[in-house]
Amino acid sequence: MGAREYDSAGRVRPYDDDSISGDAYLVRYIHGRWLVPDGAGGRRLSKGAFSPSSEVRDPYRGMSTDILDLILHDGLSPIERKPPGHEGVVKLKVEGLRNLGLMVGYDPIDDVNPYHGSVWGVTSALRRRLVQMCEWIEKPLDVA
Amino acid sequence: MTLAVAIADEVAPPIPRDRQPTASLVFADKPHWLESVERQIAELRSLPFGWDAFGAGPLRHDVLWFALSVLDAVMSDDTPPPHITPMSHEGIMLEWHQNGIDFEIEIERPGEAYVTYEDGGTGAYQHWTVRTNMSSLAHMIERITG
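Let us look at the structure shown here. Quick caveat, the model's predicted, so the values are computed rather than measured.

### Some words on the layout of surface pockets
When its volume is computed, the largest pocket comes out at roughly 460 Å³. Forming the walls of the largest pocket are 20 residues, and the residues nearest its centre are A:Arg11, A:Arg57, A:Asp107, A:Ile109 and A:His116. Where the lining of the largest pocket is concerned, the elements lending two or more residues are strand 4 (62–67) and strand 7 (116–120) of chain A. Broken down by element, the lining of the largest pocket gets its largest block of residues, three residues, from strand 7 of chain A. A class-by-class count of the residues in the lining of the largest pocket yields eight nonpolar, seven polar and five charged. By volume, the second largest pocket is sized at about 280 Å³. Around the second largest pocket sit A:Arg44, A:Leu45, A:Lys47, A:Arg128, A:Val131, A:Gln132, A:Cys134, A:Trp136, A:Val143, A:Ala144 and B:Glu118, which together line it. Elements represented by at least two residues in the lining of the second largest pocket include exactly strand 3 (43–45) and helix 3 (124–133) of chain A. Considering every element that reaches the lining of the second largest pocket, the biggest residue donor is helix 3 of chain A, with three residues. For the lining of the second largest pocket, the residue count by class is six nonpolar, one polar and four charged.

The following block contains the structure:
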């Protein structure tokens, strides 16, 4: 557990935020290319949906999310915030992420996204677990 | 059943980082699956900055080059084309989901791929890393093709 700290470049260092409850949820918007043919005429969510940023963008390799409670607190809906090219919205429970050994922190992006949170520690091996544990907020009809 | 396999082999030769992938430079003859791959790569190359809703940059050209070299090494003419999934780390995942099998090759940087294979019928699950030796991928590709 810890509090938010910034490095000399102004980036949030990985930390696990005391103020984010285990019952809270993080939102990930599902790009159309993250829905892949399932071999049975429908589509399924790809593990590729759960990837951290590149080392160039974020040396700490956080996976970007929005914090659902902050969106709702401002009277907004994650579905309304879904950008063009995205077909669905999923949420991840913070408790589940921490149980995987991941850290969750508030990581606002100035003037761009005050709801932004990061998940640190996501690896290739964990993507399968994230697909299994995520819950749909908005699911396209052809997705199993 | 869960089986983790680690394969360490040689380091791949460097691939031009900024050279745009051109399938015709890789393939002397066009296999059937290449048309789909070319179309998908063209689509992925047009993804704008921030395409993932959180500031991801364009996909790395050197990753696409490496992906083409991997496909060249492991695909046969009648192998179904993969779905190419862009990822926030600016790499890609090559995916096949058919015949009850999920087979995925994640490429974040050239010279290395993280592979998962899951058989829904038997419950078998394997994951491993490959570098230059693609023989383990060719074996799995055969199962999908069959």
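Past the structure itself, the notes keep going.
### Thoughts on the interface of chain B and chain A
Taken together, the 33 residues of chain B in the interface contact 33 residues of chain A. A buried area of about 2500 Å², summed over both sides, lies between chain B and chain A, and 50% of it is on carbon and sulfur atoms. By the criterion of area lost to chain A, the three top residues of chain B are B:Phe54, B:His83 and B:His97, representing 26% of everything that side buries. The tally of links between chain B and chain A comes to seven salt bridges. Looking at the side of chain B that touches chain A, the element that brings in the most residues is strand 2 (residues 83–86) of chain B, giving four residues.

### Observations concerning unusual backbone geometry
Residues and elements named next belong to chain B. At alanine 53, a position not held by glycine, the phi torsion is positive, near 80 degrees. Relative to the helices and strands, alanine 53 is located in the loop between helix 2 (34–45) and helix 3 (61–74). You can call alanine 53 partly exposed: its relative accessible area is 25%. Backbone geometry places asparagine 99, a non-glycine residue, at a positive phi of 55 degrees. On the basis of relative accessible area, asparagine 99 is assigned to the exposed category, the value being 52%.

### A look at the pairing of strand 7 of chain A
Residue and element names in this part refer to chain A. Of all five residues in strand 7, five are buried, a share of seventy percent or more. With burial as the criterion, each face of strand 7 is covered, one bearing His116, Ser118 and Trp120 and the other bearing Gly117 and Val119. Two strands pair when backbone bridges link them, and strand 4 and strand 7 are joined in this way by five bridges, in the antiparallel orientation. Residue threonine 65 lies in a different strand from strand 7, and its bridge partner there is glycine 117. In this sheet, strand 7 lies alongside strand 6 (residues 103–106) in antiparallel orientation, the contact comprising four bridges. Across the sheet, tyrosine 106 pairs through a bridge with glycine 117, a residue of strand 7.

### A short note on the packing of aromatic side chains
Residues and elements named next belong to chain B. If you walk through the whole model with that rule in mind, you get five aromatic pairs over all chains. Aromatic side chains phenylalanine 103 and tyrosine 117 sit 6.3 Å apart centroid to centroid with 65 degrees between the ring planes, which places their arrangement in the edge-to-face category. With a gap of 14 residues between them, phenylalanine 103 in strand 4 (residues 101–107) and tyrosine 117 in strand 5 (residues 113–119) connect regions that are remote in the sequence. In this structure, phenylalanine 103 and tyrosine 117 share a single accessibility class: buried. Taken together, Trp96, Phe103 and Tyr117 form an aromatic cluster joined through their ring pairs.

### Structural notes on the nonpolar core
Considering soluble globular proteins, one finds that nonpolar side chains tend to be buried as a cluster. With 60 residues, the main nonpolar core has B:Phe103, B:Ile105, B:Ile107 and B:Leu137 as its most contacted residues. Residue contributions to this core peak at eight residues, all from helix 3 of chain B. Counting residues in each nonpolar core, the second largest holds eight residues, with A:Tyr25, A:Tyr29, A:Val89 and B:Phe54 among its members.

Procedures and definitions
- Residues numbered from 1 in each chain as written.
- Chains lettered and ligands numbered in written order.
- Predicted model: local features only at pLDDT ≥ 70, side-chain atom pairs only at ≥ 80, totals over all residues.
- Heavy atoms only, no water.
- 1 Å grid on protein atoms, 1.4 Å probe; cavity = no way out; pocket = protein on both sides within 12 Å on 5 of 7 lines; lining within 4 Å.
- Points joined across faces, edges and corners; volume = space filled by probe spheres on them.
- Helix = DSSP H or I, 4+ residues; strand = E, 2+ residues; numbered from the N terminus.
- Nonpolar A, V, L, I, M, F, W, Y, C, P; charged D, E, K, R; others polar.
- Contact = heavy atoms within 4.5 Å.
- Buried area = accessible area lost by both parts, 1.4 Å probe.
- Salt bridge = Lys/Arg side-chain N within 4 Å of Asp/Glu carboxyl O.
- Buried < 20%, exposed > 50% of the residue type's maximum accessible area, 1.4 Å probe, protein only.
- Pairing = 2+ DSSP bridges.
- Phe/Tyr/Trp six-rings, centres within 6.5 Å; stacked < 30°, edge-to-face > 60°.
- Core = buried A, V, L, I, M, F, W, Y, C linked by side-chain atoms within 4.5 Å.

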